[in-house]
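# Commentary on secondary and tertiary structure
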Amino acid sequence: IRNKVGKDNQNERQRAISDKVTWKDIEDLTDKLRETKDNSIKDLEDYILLRLMNPPLRNDLEDIKLCQNKKDLTRDNCLFIDRAKKVGLIRINNHKTTSRGGKPILINLDEELTEDIIKLLADGRTHLFVNRFRQPFKQSTFTHRIEGLFNKHLGHKIGSTMLRKLYHTANTREDME
């Protein structure tokens, strides 16, 4: 694992970023946004995005539809919220390894994150993350969204691949082979 995520497997730009930004910086940013999430929809959306990217996914969050019934979770990439229980579930059915028999990715949402998502959905959106035209992101524009978040707060354009490398570097023990 270390060989795949270590600095030997990073391009020059990624090495430069990993010399300046650590996973601790990402966690600190998440904590900072937790404090400011009630100030604006953008801060709330940024906070939710960071929470869902821990541990980091590929760009699989760009097209999360809202499902009214739990049975709808078997189609597409969906978010279901049980408002009575204040819990949510995201099921990502379409992702990079789906065509090779990859199983759906399930993300159970804790009560705090579920409540924050309910606040975000109060504007009537049909997808968890939408662009300024209230349309779901395409994969490339979602990448720009993630990079913009980190550029704004940390001064570096960090995409999902680099985020995954930072996470794995911080969470891989040195003695693992």
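Residues numbered from 1 in each chain as written. Predicted model: local features only at pLDDT ≥ 70, side-chain atom pairs only at ≥ 80, totals over all residues. Heavy atoms only, no water.

### Some thoughts on the packing of aromatic side chains
- As enumerated under the stated definition, the model contains three aromatic pairs in all.
- The interplanar angle of 50° and the centroid separation of 5.8 Å between the aromatic rings of phenylalanine 129 and phenylalanine 142 together place this pair among those described as tilted. Of this pair, phenylalanine 129 sits in the loop between helix H5 (111-121) and helix H6 (139-154) while phenylalanine 142 is found in helix H6, placing the two residues 13 residues apart along the sequence. Both residues of the pair, phenylalanine 129 and phenylalanine 142, count as buried.
- Aromatic side chains phenylalanine 137 and phenylalanine 142 sit 5.6 Å apart centroid to centroid with 65° between the ring planes, which places their arrangement in the edge-to-face category.
- Of the residues examined, phenylalanine 137 reaches a relative accessible area of 11% and is grouped as buried.
- An aromatic cluster is built from Phe129, Phe137 and Phe142, whose rings are joined through pairwise contacts. (Phe/Tyr/Trp six-rings, centres within 6.5 Å; stacked < 30°, edge-to-face > 60°. Helix = DSSP H or I, 4+ residues; strand = E, 2+ residues; numbered from the N terminus. Buried < 20%, exposed > 50% of the residue type's maximum accessible area, 1.4 Å probe, protein only.)

### With respect to the packing of helix H3 (residues 23-36) against helix H4 (residues 41-52)
- Their axes nearest at 9 Å, the elements H3 and H4 cross at an angle of 145°. Crossing hand, H3 versus H4: left-handed. On H4, the residues touching Ile26, Leu29, Thr30, Leu33, Arg34 and Thr36 of H3 are Asp43, Asp46, Tyr47, Leu50 and Arg51.
- Across the contact of H3 with H4, the residue classes break down as five nonpolar, two polar and four charged. (Axes fitted to C-alpha atoms, helices over the stretch in contact; angles between N-to-C directions. Left-handed = near helix turned anticlockwise from the far one by under 90°. Contact = heavy atoms within 4.5 Å. Nonpolar A, V, L, I, M, F, W, Y, C, P; charged D, E, K, R; others polar.)

### Describing unusual backbone geometry
- With an omega of 5°, the peptide bond between asparagine 54 and proline 55 qualifies as cis.
- Structurally, the position occupied by proline 55 is in the loop between H4 and strand E1 (65-67).
- Unlike most non-glycine residues, arginine 134 shows phi in positive territory, near 65°.
- With respect to the helices and strands, the residue arginine 134 is situated in the loop between H5 and H6.

### A few points about the nonpolar core
- Among the nonpolar cores identified, the biggest contains 38 residues, and Leu52 and Leu61 are the most heavily contacted of them.
- When residues of this core are assigned to their parent elements, the largest contribution, six residues, is made by H4.
- Leucine 52 has contacts with Leu57, Leu61, Ile90, Ile107, Leu109, Leu113, Leu128 and Phe129, leaving out every residue within four places of it along the chain.
- Formed by five residues, the second largest nonpolar core is a distinct cluster that contains Cys67, Leu73, Cys78 and Leu89. (Core = buried A, V, L, I, M, F, W, Y, C linked by side-chain atoms within 4.5 Å.)

### Examining the sheet that holds E1
- Taken in spatial order, the four strands line up as E1-E2-E3-E4 in an open sheet, and their pairing is mixed. Each having just a single partner strand, E1 and strand E4 (105-109) make up the two edges of the open sheet. When strand polarity is set aside, the average angle formed by the axes of neighbouring strands in this sheet is 25°. (Pairing = 2+ DSSP bridges.)

### Overview of H4
- Taking 1.5 Å per residue, 12 residues should reach 16 Å; H4 reaches 16 Å between its end C-alpha atoms and fits that length.
- In terms of burial, H4 is a largely internal element, 10 of the 12 residues being buried.
- Buried within H4 we find Asp43, Leu44, Glu45, Asp46, Tyr47, Ile48, Leu49, Leu50, Arg51 and Leu52.
- For H4, the secondary structure elements touched by its buried residues are H3, strand E3 (87-92), E4, H5 and H6. (Expected span 1.5 Å × (residues − 1).)

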